[in-house]
Amino acid sequence: MKANNRQPEPAEAGERIALIMPVYNEADTIENTVREIEEKVVSKMQNVDVWVFEDGSTDGTKEVIKKLKKEFAGLHAQMTPTRKGYPKAMREAFLNIKSNDYDYIVAVDSDGQYEPDDFFKLWSIMQRDCPDIVMGRRMTRREPPYRRMLSRGLQLLERVMFPVKIKDVTSVMRLMKVDLAHEIAGDIKYSPYNFWLEFTARMSLNDDDVVEIPIAYRDRAGGSRVYSVKKMPKVIMSEFRALRAVRKEQAKSKAA
């Protein structure tokens, strides 16, 4: 995808954006990811800060982040001694961004698969139309066939169980107000593997105004980390139970 060379939409006075990403054992990719975001986004929009939430890495990721913090003033990082896992790390990343400090929050992954320039597409729509959430739909999925099969299975599962209107139910790149992010992320507690599946389920139950736009999705630097074929049935069953728990919770709330 070609770089977006147009000038970004100006933010209103006082509006600040936190770009968040959880990181686990990404010593070979996190520096390039941060540098690209700093170059393509932060250097063009001084109202954006990058927040890295390190999740107990054991491969030198912590040392890379500490080095980058000395170079980039707008880079913030939180380190943890032990791993919590992606869903808990992502939830805590959302909840650690304070609404007193930031107006908006946008999430990306730390492996460089999301194109930073696509942030401007989301931001432009948020500024123009003011929906609750603007999110990216990955148009190209360069993943092993069994990984794509898992994604389709999870999408079908969610569509059957919830009034989902979006296409890419597990996309990470989502932009929203901090208060709304806290409201949704604060309730997430069931999914052991896929934070975004439960996030999307709760979005659909809230009937949030969501705009979904096409974005790029690049090859992962250093190879892809995916669940093994043997683990896929366990993942699907675990996510089914998580989504079923959300439905039961919603039913109890309506009955109360």
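Figured I'd write up the structure that's included with this text.

Calculation notes
- Residues numbered from 1 in each chain as written.
- Predicted model: local features only at pLDDT ≥ 70, side-chain atom pairs only at ≥ 80, totals over all residues.
- Heavy atoms only, no water.
- Buried < 20%, exposed > 50% of the residue type's maximum accessible area, 1.4 Å probe, protein only.
- Helix = DSSP H or I, 4+ residues; strand = E, 2+ residues; numbered from the N terminus.
- Arc of directions from axis to C-beta.
- Contact = heavy atoms within 4.5 Å.
- Phe/Tyr/Trp six-rings, centres within 6.5 Å; stacked < 30°, edge-to-face > 60°.
- Lys NZ or Arg CZ within 6 Å of the ring centre and 35° of its normal.
- Pairing = 2+ DSSP bridges.
- Axes fitted to C-alpha atoms, helices over the stretch in contact; angles between N-to-C directions.
- Salt bridge = Lys/Arg side-chain N within 4 Å of Asp/Glu carboxyl O.
- Core = buried A, V, L, I, M, F, W, Y, C linked by side-chain atoms within 4.5 Å.
- Polar contact = N/O pair within 3.5 Å; in protein donor to acceptor, adjacent residues only side chain to side chain.
- Patch = residues over 30% accessible without salt bridge, like charges linked within 9 Å, V, L, I, M, F, W, Y side chains within 5 Å.
- Areas by Shrake-Rupley, 256 points an atom, 1.4 Å probe, with all protein chains shown as cover.
- Lys, Arg positive; Asp, Glu negative; His and termini not counted.
- Charge placed at Lys NZ, Arg CZ, Asp CG, Glu CD.

## Notes on helix α2 (residues 61-71)
Residues Thr-61, Lys-62, Val-64, Ile-65 and Leu-68 constitute the buried set of α2. All buried residues of α2 fall inside an arc of 160 degrees around its axis, so they share one side. Turned more than 90 degrees away from the buried face of α2, the exposed residues are Glu-63 and Lys-70. Those residues of α2 that are buried are in contact with β1 (17-23), α1 (30-42), β2 (48-54) and β3 (75-78).

## Quick notes on the packing of aromatic side chains
Overall, the coordinates contain twelve aromatic pairs when judged by the stated rule. Relative to Phe-199, the ring of Phe-94 has its centre 5.7 Å away and its plane inclined at 25 degrees; by these criteria the two rings are stacked. In this pair, Phe-94 is assigned in helix α3 (residues 86-96) and Phe-199 in helix α7 (residues 195-206), connecting sequence segments 105 residues apart. Of the two residues examined, Phe-94 and Phe-199, each falls in the buried class. Among the aromatic residues, those joined into a cluster by ring pairs are Phe-94, Phe-195, Trp-196 and Phe-199. The side chain of Arg-83 reaches across the aromatic face of Tyr-24, ending 3.7 Å from its centre. Across from the ring centre of Tyr-217, 4.9 Å away, lies the NZ or CZ of Arg-138, which sits over that ring.

## Observations concerning the sheet that holds strand β7 (residues 210-215)
Taken in spatial order, the seven strands of this open sheet run β3-β2-β1-β4-β6-β5-β7, and their pairing is mixed. Here the strands that pair on one side only, and so sit at the sheet edges, are β3 and β7. Across the sheet, the axes of successive neighbouring strands diverge by a mean angle of 20 degrees, strand direction being ignored. Taken together, the six bridges between strand β5 (residues 133-138) and β7 define a ladder with parallel strand orientation. When the bridges of β7 are listed, Met-135 appears paired with Glu-212. Helix α6 (residues 178-185) contacts β4 (104-107), β5 and β6 (174-177) of the sheet and is inclined by roughly 105 degrees relative to β6.

## Some remarks on the pattern of salt bridges
Under the counting rule described, the total for this entry stands at 19 salt bridges. When salt bridges with common partners are traced through the structure, they connect Glu-31, Arg-35, Lys-67 and Glu-71 into a single cluster.

## What to know about unusual backbone geometry
The phi torsion at Cys-130 lies on the positive side, around 55 degrees, for a residue other than glycine. Among the structural elements, Cys-130 can be located in the loop between α4 (118-129) and β5. In this structure, Asp-207 is a non-glycine residue whose phi angle is positive, near 60 degrees. Turning to its location among the elements, Asp-207 is positioned in the loop between α7 and β7.

## Thoughts on the environment of Pro-22
By the element assignment, Pro-22 lies in strand β1. In the structure, Pro-22 is positioned 65 residues away from Pro-87 in sequence and 9.6 Å away in space, judged by C-alpha atoms. Once you skip the residues sitting within four places of it in the chain, Pro-22 turns out to touch Phe-53, Tyr-86, Ala-89, Met-90, Val-108 and Ser-110.

## Topic: the nonpolar core
Ile-20, Met-21, Phe-94, Ile-97, Phe-119 and Phe-199 are the most contacted members of the largest nonpolar core, which totals 74 residues. Ignoring any residue separated from it by four or fewer positions in sequence, one finds Phe-199 in contact with Phe-94, Arg-174, Met-176, Ile-184, Ala-185 and Ile-188.

## Remarks on the environment of Asn-32
Considering the arrangement of structural elements, one finds Asn-32 in helix α1. The class of Asn-32 is exposed, set by a relative accessible area of 54%.

## What about the environment of Asp-111?
By the secondary structure assignment, Asp-111 is in the loop between β4 and α4. By relative accessible area, Asp-111 is classed as buried at 10%. Reaching out from Asp-111, the side chain makes a polar contact with the backbone nitrogen of Gln-113 at a distance of 3.2 Å.

## Focus on a positive patch on the surface
There is a patch of like positive charges on the surface, built from Arg-241, Arg-244, Lys-248 and Lys-252. Along the polypeptide, Arg-241 turns up in helix α8 (residues 232-255).

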